[in-house]
Amino acid sequence: MRLEQSINNTSLVMAIQFKDSEKILLFPGDAEYGNWLSWHDPQLNWSFVKNNVLQTVGVDYIFKNTVLYKVGHHLSQNGTGKEIGLEQIKHPELAAMVTLDFKKILPGWLNTMPNDFIGAELINKTKGKLFFSGAYEPILKNIQTPRVSINANHLKETVKNNKKFVGKIAVEYSVKG
């Protein structure tokens, strides 16, 4: 019964990798901080074949090759491990997508989402390739707090990228594999 009422941190996490380029699309669902932390267990690893050789890698490899990050848990502080995840995602082609609908969040949680530190870091890391589902203006307004520093060019690029999808039911972004 609890599982049906409290589904956070029970999501399937997927990392989809392009075979040749090794680029990764990371979909953490509603994984929360404890889940992110568990991925760093030295005994946890993944295997794939490249050039007929079995490669075994850990989460550092996944973060290093992530080019698309579907931001977890409504851009909340608990949904993205900042030090144990986001700071390790450094691919120069990084783009990110956020689903955040203020109408679906319980009133007591509205002041926690989006997290301004994570939002600002994503705008800067993606160089403006941060996409929001739905209305982007109120989300950006909540990210732009006096506590954070956002590169002005990256912020302009974020606005430009999101204006294309106003009124649309989907955001389309292509990753060259």
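What counts and what doesn't
- Residues numbered from 1 in each chain as written.
- Predicted model: local features only at pLDDT ≥ 70, side-chain atom pairs only at ≥ 80, totals over all residues.
- Heavy atoms only, no water.
- Buried < 20%, exposed > 50% of the residue type's maximum accessible area, 1.4 Å probe, protein only.
- Helix = DSSP H or I, 4+ residues; strand = E, 2+ residues; numbered from the N terminus.
- Pairing = 2+ DSSP bridges.
- Axes fitted to C-alpha atoms, helices over the stretch in contact; angles between N-to-C directions.
- Contact = heavy atoms within 4.5 Å.

Some words on unusual backbone geometry
Both trends apply: most residues other than glycine have a negative phi, and most peptide bonds are in trans.
Phase 1: One non-glycine residue with positive phi stands out, namely H74, at about 60°.
Phase 2: For H74, a relative accessible area of 28% puts it in the partly exposed group.
Phase 3: Positive phi, close to 60°, is recorded for L75, a residue that is not glycine.
Phase 4: Counting through the fold element by element, L75 comes out in the loop between strand 5 (66–70) and strand 6 (95–98).

Details of the sheet that holds strand 6
Phase 1: In space, the five strands of this open sheet follow the order 1-2-5-6-7, with mixed pairing throughout. Since the sheet does not close on itself, it has two edges, and those belong to strand 1 (14–17) and strand 7 (130–132), each with one partner. For this sheet, the mean angle separating the axes of adjacent strands, direction not counted, is 15°.
Phase 2: Bridging between strand 2 (residues 24–27) and strand 5 involves three bridges; their strand directions are parallel.

Section: the environment of K160
Phase 1: Summarising the element assignment, K160 is placed in helix 6 (residues 152–163).
Phase 2: Residue K160 is classed as partly exposed on the basis of its relative accessible area of 49%.
Phase 3: Separated by 32 residues in the primary sequence, K160 and G128 have C-alpha atoms spaced 8.6 Å apart.

A look at the side chain of H154
Phase 1: Within the element layout of this structure, H154 appears in helix 6.
Phase 2: Among residues more than four places away in sequence, those in contact with H154 are I123, N124, K127 and G128.

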